[in-house]
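Residue-level listing of the chains:
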Amino acid sequence: MSWLALELAVGFTAFRSGEPWLDSRGAVIDAHGGGFLKESDRYYWYGSRRNGLPCAGSCHDAGISLYSSRDLYNWDFESIVLHSFNGPATGNGLDLERPKVIRCAGTGLFVMWVRGTGEGNTPQLLAVATSSSPLGPFTFLGNQTDPFHTVAPGNANLPEGYQFADATLFQDPRTNKSYVYWRTRVNPQHTGFRAMELTDDCTDVKPETDAQVP
């Protein structure tokens, strides 16, 4: 019996760099650019579902996959918790990337911040979605046809708002305050990595907290 067949039978007990990582069904885990959440005794892995296909520019993915695990080695596929939906001519929902989820201390809801892109991987914009469960499904806030937008529009140093790329969320367990950290992607104004505090419901930023991360 091969090591792969054995680990599928009894469960993975180690990480194997360079080898396919399979879920409990024996399918390759498909969660690109993932974000992780620990809730109670389970870990949750959210990531872009790419259907095993390479992509350049736009990937036309299936949305955000969710896997869960108790030990970080063995993962169960749960569902697609947020679907991509826009066509090439209508906006930024062709690819949903870099999903990050926190349980918002202010509301108790699970809040996802996710990047959306259209054809050509630009512009890179933000959408926020919420759920009452880490298992989803997640529902977009705002305009359900095209919920994607820049971050902090009207900010004095960039009136049209920041584009949104390569981000993460953090909730401080001591203060329950939440923050977003991300790489702006604006030409010709390269404003680097930014950080902002989130509103109490974790669905927006407080523009007055805008700071460049050194």
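The structure this text deals with has already been given above.
To keep things clear, this report deals only with the structure shown in the data block. As the structure is a prediction and not an experimental result, all values here were calculated from the model. (Residues numbered from 1 in each chain as written. Predicted model: local features only at pLDDT ≥ 70, side-chain atom pairs only at ≥ 80, totals over all residues. Heavy atoms only, no water.)

## Section: the packing of aromatic side chains
- Scanning all chains against the criterion turns up 13 aromatic pairs.
- Judged by centre distance (5.6 Å) and plane angle (85°), the rings of Phe 15 and Trp 21 are edge-to-face.
- Between the aromatic rings of Phe 140 and Phe 148, the centroid separation amounts to 5.9 Å while the plane-to-plane angle is 65°, which identifies the pairing as edge-to-face. Pair check on accessibility: Phe 140 and Phe 148 agree, each one buried.
- Feature note: the residues Phe 15, Trp 21, Phe 36, Trp 45, Tyr 67, Tyr 73, Trp 75 and Phe 77 constitute an aromatic cluster, connected by ring pairs.
- Over the aromatic face of Tyr 43 sits the side chain of Lys 38, whose NZ or CZ is 5.6 Å from the ring centroid. (Phe/Tyr/Trp six-rings, centres within 6.5 Å; stacked < 30°, edge-to-face > 60°. Buried < 20%, exposed > 50% of the residue type's maximum accessible area, 1.4 Å probe, protein only. Lys NZ or Arg CZ within 6 Å of the ring centre and 35° of its normal.)

## Considering the sheet that holds strand 5 (residues 95–103)
- With respect to topology, four strands assemble into an open sheet ordered 5-6-7-8, the strand pairing being antiparallel. Looking at strand neighbours, the two that pair on one side only are strand 5 and strand 8 (139–140), the edges of this open sheet.
- Inspection of the sheet shows strand 5 paired to strand 6 (residues 110–117) by seven bridges, in the antiparallel sense. Bridged to Glu 97 within strand 6 is Arg 115. (Pairing = 2+ DSSP bridges. Helix = DSSP H or I, 4+ residues; strand = E, 2+ residues; numbered from the N terminus.)

## Looking at the environment of Ala 27
- With respect to the secondary-structure elements, Ala 27 resides in the loop between helix 1 (3–10) and strand 1 (32–39).
- Sequence separation of Ala 27 and Phe 77 is 50 residues, and the distance between their C-alpha atoms is 9.1 Å.

## Focus: the sheet that holds strand 3 (residues 64–69)
- The strand order across the open sheet formed by four strands is 1-2-3-4, and the pairing between neighbours is antiparallel. Strands with a single pairing partner mark the edges of an open sheet, and in this sheet they are strand 1 and strand 4 (76–82). The average undirected angle you get between the axes of adjacent strands in this sheet is 25°.
- Bridge count for strand 3 against strand 4 is five bridges, and the pairing is antiparallel. When the bridges of strand 4 are listed, Ser 68 appears paired with Asp 76. (Axes fitted to C-alpha atoms, helices over the stretch in contact; angles between N-to-C directions.)

Just geometry here; none of it tells us what the structure is for.
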